[in-house]
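Report on the structure
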Amino acid sequence: MDELRRCAEASPDALDRHPALLVRAAGRLCALPIAQVVEVMRALATQPIPGAPTFVRGLAIIRGAAVPVVDLGLLMTGRSATGRFVTLRLGDRRAALAVDAVIGVRALDGRVLLALPPLLRDAGTAVVDAIGVVDAELLVALRAGRLVPEEVWQALAAHEGAP
């Protein structure tokens, strides 16, 4: 989000619309920057990684490569998310987020996006530190995500339905 702030300072028009993938995990609606999303797929089998933090489900074979899977529900609330994987681009690597459902792609107003609470708002310091130890680029990607309160989602849906 610091990148969005820098863009806003450079050009007020830079904050117009930002595409995000909206997902649900553990009862929360989350917005992930579409620029980091590679693909969405059904949840796949995972192999546990000994010694990994509890929010790391394990490794899944995605497109022939072993990809770490982070349970977004466990990360945010302690309740597991199931159903879909969202594969993220982390530099030259990939990681998958386990989520309950994928809502779709929506363009979010930059000012609204900046005002939304961070995805990791309720994650404890130890959890955030553990993510940073496991993968600093994953931490950057998750910090760019936002929680979307239901009233914002309803306003978005109403706006899209308006002529």
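Rules used throughout
Residues numbered from 1 in each chain as written. Predicted model: local features only at pLDDT ≥ 70, side-chain atom pairs only at ≥ 80, totals over all residues. Heavy atoms only, no water. Helix = DSSP H or I, 4+ residues; strand = E, 2+ residues; numbered from the N terminus. Buried < 20%, exposed > 50% of the residue type's maximum accessible area, 1.4 Å probe, protein only. Core = buried A, V, L, I, M, F, W, Y, C linked by side-chain atoms within 4.5 Å. Contact = heavy atoms within 4.5 Å. Pairing = 2+ DSSP bridges. Axes fitted to C-alpha atoms, helices over the stretch in contact; angles between N-to-C directions. pLDDT = per-residue confidence, 0-100.

All right, on to unusual backbone geometry then. Unlike most non-glycine residues, Ala 26 shows phi in positive territory, near 50 degrees. Tracing the backbone through its elements, the reader meets Ala 26 in the loop between strand 1 (17–25) and strand 2 (28–33). Look at Ala 26 and you get buried, because its relative accessible area is 6%. With a phi close to 55 degrees, Arg 63 is a non-glycine residue in the positive phi region. You can see Arg 63 is positioned in the loop between strand 4 (56–62) and strand 5 (65–71).

To continue, consider the environment of Asp 16. Here Asp 16 lies in the loop between helix 1 (2–10) and strand 1. Owing to a relative accessible area of 43%, Asp 16 belongs among the partly exposed residues under this scheme. Each C-alpha atom of the pair Asp 16 and Arg 111 lies 7.7 Å from the other, and the pair is 95 residues apart in sequence.

Turning our attention to the nonpolar core. Val 23, Val 70, Leu 72, Val 86, Leu 88, Leu 97 and Val 99 are the most contacted members of the largest nonpolar core, which has 23 residues in total. Mapped onto this core, the elements with two or more residues apiece are strand 1, strand 2, helix 2 (72–76), strand 6 (84–90), strand 7 (93–99) and helix 5 (136–144). Those residues within four positions of Leu 97 in sequence are excluded, and the remaining contacts are Leu 32, Val 70, Leu 72, Arg 84, Phe 85, Val 86, Leu 88 and Leu 142. Membership of the second largest hydrophobic core comes to eight residues, among which are Ala 60, Ile 62, Val 69 and Ala 98.

The mixed open sheet is built from five strands, whose spatial order is 3-6-7-5-4. Whereas interior strands pair on both sides, the edge strands pair on one side only; in this sheet they are strand 3 (37–42) and strand 4. Sheet twist, expressed as the mean angle between neighbouring strand axes with direction ignored, is 30 degrees. Examined bridge by bridge, strand 6 and strand 7 share seven bridges and lie antiparallel to one another. Residue pairing across strands places Arg 84 opposite Val 99, the latter belonging to strand 7.

Before going further, it helps to examine the confidence of the model for the protein. Scored by pLDDT, the protein comes out at a mean of 78, with 65% of its residues at no less than 70. At the low end of the mean pLDDT range in the protein sits helix 1, at 41; at the high end sits strand 3, at 96. pLDDT under 50 marks residues 1–15. Its contacts with residues more than four places away, or in other chains, come to 16 contacts.

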